[in-house]
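# Observations on the three-dimensional arrangement
Listed below are the residues making up each chain.
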Amino acid sequence: MAYVGKAPLTGAYQVLDNIASGFNASTVAFNLTVGGVAVSPGTEANCIISISGVVQDPSAYTIAGNQITFSSAPASSDTFFGTILGDTFDIGTPTDATVTAGSLSSTFFVKNSQTWSSISMAGSTNGALVGPVTVSGTITIPSGSTFVIL
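The structure contained in this document is the topic of the report that follows. (Residues numbered from 1 in each chain as written. Predicted model: local features only at pLDDT ≥ 70, side-chain atom pairs only at ≥ 80, totals over all residues. Heavy atoms only, no water.)

Looking at the secondary structure, you find Tyr61 in strand β7 (residues 61-64). Since its relative accessible area comes to 2%, Tyr61 is described here as buried. Sequence separation of Tyr61 and Ser71 is ten residues, and the distance between their C-alpha atoms is 5.5 Å. A distance of 3.2 Å separates the side chain of Tyr61 from the backbone oxygen of Glu44, its partner in a polar contact. (Helix = DSSP H or I, 4+ residues; strand = E, 2+ residues; numbered from the N terminus. Buried < 20%, exposed > 50% of the residue type's maximum accessible area, 1.4 Å probe, protein only. Polar contact = N/O pair within 3.5 Å; in protein donor to acceptor, adjacent residues only side chain to side chain.)

Shown next as structure tokens:
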């Protein structure tokens, strides 16, 4: 899928470097880094920003590229913690027994409780047989394909 602007991070959760050393009650803009490398969160909503233990509403700051700008300058005594969340559509690992064959890619097929005389797969296809199954002939698995029998 094409994106206008920065592509989503897809669950690339990252803890931001501490920027509190720059807090002085007058500076509002700070560079965001992870391990000293500049990072550019997708939007304000992709971050959890905490100043002195208080999680900030995304309206309390703006993010442009790798820079965060607070609506009011943090005091020199304030602390900082920040996390980039990545994309909210990243579901992680599904719970056991929740993914059905209909949810899988069209290049993946599952057959169970069936009898086959032979099975022939197209190239770059993945598949699985889940018992009980019977194959009385041959199974043809081309290069670039994966086939699992459980």
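Still more to cover.
Moving on to the nonpolar core. The nonpolar side chains of a soluble globular protein tend to be buried with one another. Within the largest apolar cluster, 17 residues are counted, with the highest numbers of intra-cluster contacts made by Phe23, Ile49, Tyr61, Ile68, Phe70 and Phe80. Residue assignment for this core shows that the elements contributing at least two residues are β5 (47-51), β7, β8 (67-70) and β9 (80-84). For this core, the leading source of residues is β5, giving three residues. When near neighbours in sequence (up to four residues on either side) are disregarded, Phe23 contacts Phe30, Ile51, Phe70, Pro74, Ala75, Ser76, Asp78, Thr79 and Phe80. (Core = buried A, V, L, I, M, F, W, Y, C linked by side-chain atoms within 4.5 Å. Contact = heavy atoms within 4.5 Å.)

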